[in-house]
Amino acid sequence: MGTTTDTGARDEEAVSRFVERFASQLTEAGMQRMASRVFAALLASDGGAMTSAELSLALQISPAAVSGAVGYLTQVNMVSREREPGSRRDRYVLHNELWYETFTRRDQVLTLWERTLREGAAGLGTDTPAGTRIAETAAFFEFLQGEMLAMMDRWRVHRSTLDL
């Protein structure tokens, strides 16, 4: 697996280094280790999809480790499972507009948290130290949501200008 210079050819060693480096960063940010590795491998694959066997081979991990990682990634809506046409094998596929969808889902979580925090502040009393702290946290999430929506709108505009 040496370095290649042909246009469009992949340097598998460089791909492997990227996968492990990005996976490590995802793990440091709180994602499960195997899920990080599987996600990074899918991200680095040209088709954005791989079978369990392909992931096992690429990452040198067991099918059970792939299954557990995919279970987590499916649960957090970062990948989906699709049946290969004419086959009994599943392919694990990155969602289109992955980052946009991930942040949009985070907005839904922020809405839920904000509502719960506002209810908590009202129950504790906004004139108490805990109630004030919780009300401020709710206000922060409300602010964050507004900024997130505006940022995602700017991203859609910016994305249309990219020459990719």
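Owing to the predicted nature of the structure, the values given are computational and were not obtained by experimental measurement. Residue positions are given per chain, counting from 1 as you read along its sequence in written order. In view of the model being predicted, local features appear only for residues whose pLDDT reaches at least 70, and side-chain atom pairs are presented and counted only at 80 or more, with totals across whole chains, interfaces and linings using the full set of residues. Derived side-chain values reflect all non-hydrogen atoms in the structure, with water molecules and hydrogen atoms excluded from consideration.

Asker: Before we move on, could you go through helix α6 (residues 129-161) and cite the residues and values that matter?
Answerer: The terminal C-alpha atoms of α6 lie 48 Å apart, and with 33 residues this matches the ideal 48 Å at 1.5 Å per residue to within 8%. Each residue gets one of three labels from its accessible area relative to the maximum for its type: buried under 20%, exposed over 50%, partly exposed in between, using a 1.4 Å probe on protein chains only. Each helix is a run of H or I in the DSSP string that is no shorter than four residues. Each strand is a run of E no shorter than two, and both are numbered from the N terminus. Turning to α6, its buried residues number three or more, namely G131, A138, F141, Q145, M148 and M152. Any helix carries an expected span of 1.5 Å times its number of residues minus one.

Asker: So what about the sheet that holds strand β3 (residues 90-94)? Which residues, and what values?
Answerer: What makes two strands pair is DSSP finding at least two bridges between them. Taken in spatial order, the three strands make up an open sheet running β1-β3-β2, and their pairing is antiparallel. In this open sheet, the two edge strands, each paired with only one partner strand, are β1 (49-51) and β2 (79-83). Within this sheet the neighbouring strands show an average axis-to-axis angle of 30°, counted without direction. Bridge analysis of β2 against β3 gives five bridges, and the strand direction is antiparallel. Bridge pairing in β3 links V79 to L94. Contacts: residue pairs with any heavy atoms within 4.5 Å of one another. Note on geometry: axes are C-alpha line fits, over the in-contact stretch for helices, and angles between N-to-C directions span 0 to 180 degrees. Relative to the sheet, helix α2 (residues 33-44) contacts β1, β2 and β3, its axis offset from that of β3 by approximately 80°. In this fold helix α3 (residues 52-59) packs onto β1 and β3, with an angle of close to 90° to the strand it touches most, β1.

Asker: Got a sec to walk through the packing of aromatic side chains? Specific residues and values, please.
Answerer: Two aromatic rings, drawn from Phe, Tyr or Trp (for Trp, its six-membered ring), form a pair once their centres lie within 6.5 Å of each other, and the interplanar angle then sorts them: stacked below 30 degrees, edge-to-face above 60, tilted otherwise. Taken as a whole, this structure holds three aromatic pairs when the rule is applied. Between the aromatic rings of F18 and F22, the centroid separation amounts to 5.7 Å while the plane-to-plane angle is 10°, which identifies the pairing as stacked. Placement of both F18 and F22 in helix α1 (residues 12-28) is noted, with a separation of four residues, approximately one turn of the helix. Ring-pair connections join several aromatic residues into one group, and the members of that group are W113, F140 and F141.

Asker: Describe the side chain of R37, with residues and values.
Answerer: Inspection of the secondary structure assignment puts R37 in helix α2. Beyond its immediate stretch of four places on either side in the chain, R37 contacts V19, E20, A23, L59 and I61.

Asker: A description of the pattern of salt bridges should follow, citing residues and the corresponding values.
Answerer: Whenever Lys or Arg places a side-chain nitrogen within 4 Å of a carboxyl oxygen from Asp or Glu, that contact is recorded as a salt bridge. Taken as a whole and judged by the stated rule, the model has seven salt bridges. Linking D153 and R156 is a salt bridge whose minimum nitrogen-to-oxygen distance equals 2.0 Å. Here D153 pairs with R156, and both are found in helix α6, just three residues apart, close to one helical turn. The network of salt bridges with shared partners includes R10, E12 and D46.

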